[in-house]
Amino acid sequence: GLELAYLFARLDTLVEQGLYAPSDSDYDVEAVMGGAWAAFATDGAPAPGLPWPAYDATDPYQELGESLTAGTGWRAEYCDFWEGLLGG
């Protein structure tokens, strides 16, 4: 549930309650995450020129961190294990 504090720009509330001590990077992630969600809701993409990757065999993913990045195969060995086990 901590991601909700980032999404709704409420990290300061967690600080006030003594629940979490965010770093400067946390505030960067908060800004990127909120902006990405708003852009996705408005335009269907998390940022201009960075479309949300459609799923395919390369296991694409969108990473929300201090910046937005896209990649493929994140934790592929774990996903492959479960796909094999579940017949996916």
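Everything in this summary refers to the structure shown in the same document. As the structure is a computational prediction, the values presented were derived from the model and not from experiment. (Residues numbered from 1 in each chain as written. Predicted model: local features only at pLDDT ≥ 70, side-chain atom pairs only at ≥ 80, totals over all residues. Heavy atoms only, no water.)

What follows covers helix 3 (residues 24-43). With 20 residues, helix 3 should reach 28 Å at 1.5 Å per residue; the first-to-last C-alpha distance of 28 Å fits that figure. Of the residues making up helix 3, those classed as buried are Asp26, Val29, Glu30, Val32, Met33, Ala36 and Ala39. Among the structural elements, helix 1 (2-7), helix 2 (11-16), strand 1 (60-64) and strand 2 (68-72) are those in contact with the buried residues of helix 3. Positive phi appears at Gly44, one or two residues downstream of helix 3, with a value of about 80°. (Helix = DSSP H or I, 4+ residues; strand = E, 2+ residues; numbered from the N terminus. Expected span 1.5 Å × (residues − 1). Buried < 20%, exposed > 50% of the residue type's maximum accessible area, 1.4 Å probe, protein only. Contact = heavy atoms within 4.5 Å.)

Bringing the side chain of Asp59 into the picture now. With respect to the helices, strands and loops of the structure, Asp59 is situated in the loop between helix 3 and strand 1. Notably, Asp59 is buried but unbridged: the nearest opposite-charge side chain belongs to Arg75, and the N-O separation is 12 Å. Each residue touching Asp59, except ones within four places of it in the same chain, is listed here: Gly71, Thr72, Gly73, Trp74, Ala76 and Asp80. (Lys, Arg positive; Asp, Glu negative; His and termini not counted. Salt bridge = Lys/Arg side-chain N within 4 Å of Asp/Glu carboxyl O.)

Looking now at the pairing of strand 1. By the bridge criterion, five bridges tie strand 1 to strand 2 in an arrangement that is antiparallel. Following the sheet pairing, Pro60 is matched in strand 2 by Thr72. (Pairing = 2+ DSSP bridges.)

So, about the nonpolar core. Core analysis: the biggest nonpolar cluster contains seven residues, these being Ala5, Tyr6, Leu7, Leu11, Leu14, Val29 and Met33. Within the residue set of this core, elements represented by two or more residues are helix 1, helix 2 and helix 3. Element by element, the count of residues in this core is highest for helix 1, at three residues. Sequence-distant contacts of Leu11, defined by excluding residues within four places in its chain, comprise Ala5, Tyr6, Tyr20, Pro22, Asp26, Tyr27 and Glu30. (Core = buried A, V, L, I, M, F, W, Y, C linked by side-chain atoms within 4.5 Å.)

Function-wise, these values are silent; they only describe arrangement.
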